[in-house]
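Chain by chain, the residues:
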Amino acid sequence: RSLFISLQSVEMIAQMRVLAILHISICIPTRWLAGKCQELKDADFGVFDMGRTVDLMESAFEKIALDGSLLLDEEFMMNTFEPIMTKVNAFSDYLQFIFEWKESFI
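This write-up is about the structure you can find in this document. This structure is a prediction, so every number in the text was calculated from the model and none was measured. (Residues numbered from 1 in each chain as written. Predicted model: local features only at pLDDT ≥ 70, side-chain atom pairs only at ≥ 80, totals over all residues. Heavy atoms only, no water.)

What to know about the overall build of the protein
For clarity, the threshold we go by: Helix and strand assignments come from DSSP, with helices taken as H or I runs of at least 4 residues and strands as E runs of at least 2, each series counted from the N terminus. Radius of gyration here uses only the C-alpha atoms, and the compact-globule reference equals 2.2 Å multiplied by the residue count raised to the power 0.38. Each residue's exposure class comes from its accessible area (1.4 Å probe, protein chains only) as a fraction of the maximum for that residue type: buried when under 20%, exposed when over 50%, partly exposed otherwise. In what follows, residue pairs with any heavy atoms lying within 4.5 Å of each other are defined as contacts. Accessibility throughout is a Shrake-Rupley quantity obtained with a 1.4 Å probe, and a residue counts as covered only by protein chains that appear here.
Along its length, the protein carries 6 helices and 0 strands. For the protein, the succession of helices and strands along the chain, N to C, is α-α-α-α-α-α. On C-alpha atoms alone, the protein measures out to a radius of gyration of 16 Å, which is more than a quarter above the 13 Å that the 2.2 N^0.38 rule sets for 106 residues. Its C-alpha atoms give the protein principal-axis dimensions of roughly 55 × 35 × 25 Å. Expressed as a percentage of its 106 residues, the buried residues of the protein come to 27%. If you take every contact in the protein between residues at least 6 apart in sequence, the share linking residues at least 24 apart comes to 57%. In the structure as shown, the protein presents an accessible area of about 7600 Å², 60% of it carried by carbon and sulfur atoms.

Here it is as structure tokens:
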């Protein structure tokens, strides 16, 4: 019963929302890039380019630290990896499939 009460608290709900935003905007794209590095050599993207993804995340997190409202800005969060999306067409296609096409069936 105590767990049920604590999971209903505003703080827990807010934390779950933040974690969902981070999962969708950061974890899913990063996992795809990490898993597909070996297949993206035609797009001139490889394991060593994963450092660029970390730099992009760090830059985004620094901006969020200065202005927390950016975390709730869908445009900002979903375009964290914009430079990679323009370079790697397969990545852009994947994100479009996951977040636009697939979402339309829900």
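Still more ground to cover, so stick around.
What to know about the packing of aromatic side chains
Convention followed: Each aromatic pair joins two rings of Phe, Tyr and Trp (for Trp, the six-membered one) with centres within 6.5 Å, and gets the label stacked for planes under 30 degrees apart, edge-to-face for over 60, and tilted for any other angle.
One pass over the full model with this rule turns up 3 aromatic pairs. An angle of 15 degrees between the planes, with centres 5.1 Å apart, marks the rings of W32 and Y94 as stacked. Taken together, the residues W32 in helix α2 (residues 10-36) and Y94 in helix α6 (residues 89-101) connect sequence positions 62 residues apart. The exposure class of W32 is buried, given its relative accessible area of 14%. Ring pairing ties together the aromatic residues W32, F81, F91 and Y94, which thus form one cluster.

Overview of the pattern of salt bridges
Applied cut-off: Salt bridges, as used here, are contacts in which a Lys or Arg side-chain nitrogen is within 4 Å of a carboxyl oxygen on Asp or Glu.
In this structure the tally under the stated criterion is 2 salt bridges. For the salt bridge of E39 with K36, the shortest nitrogen-to-oxygen distance reads 3.5 Å. In this structure, D49 and K87 form a salt bridge, with 4.0 Å as the shortest nitrogen-oxygen distance. With D49 in the loop between α2 and α3 (50-66) and K87 in helix α5 (residues 82-87), this pair connects stretches of sequence that are 38 residues apart. Taking the relative accessible area as the measure of exposure, D49 reaches 24% and is therefore partly exposed. Of the residues examined, K87 reaches a relative accessible area of 39% and is grouped as partly exposed.

Description of the packing of α2 against α3
Defined as follows: Each axis is a line fitted through C-alpha atoms, taken for helices only over the stretch in contact, and angles between the N-to-C directions span 0 to 180 degrees. We call two directions roughly parallel when the angle between them is under 35 degrees, roughly antiparallel when it is over 145, roughly perpendicular when it lies between 65 and 115, and oblique otherwise. Charged residues are taken to be Asp, Glu, Lys and Arg, nonpolar residues to be Ala, Val, Leu, Ile, Met, Phe, Trp, Tyr, Cys and Pro, and polar residues to be all remaining types, Gly included.
With their axes 10 Å apart at the nearest point, α2 and α3 run at an angle of 170 degrees to one another. When the axis of α2 is compared with that of α3, the two are roughly antiparallel. Only M50, T53, M57 and F61 of α3 make contact with α2, whose side of the interface consists of L22, I26, T30, L33 and A34. The residue makeup of the contact of α2 with α3, split by class, is 7 nonpolar, 2 polar and no charged.

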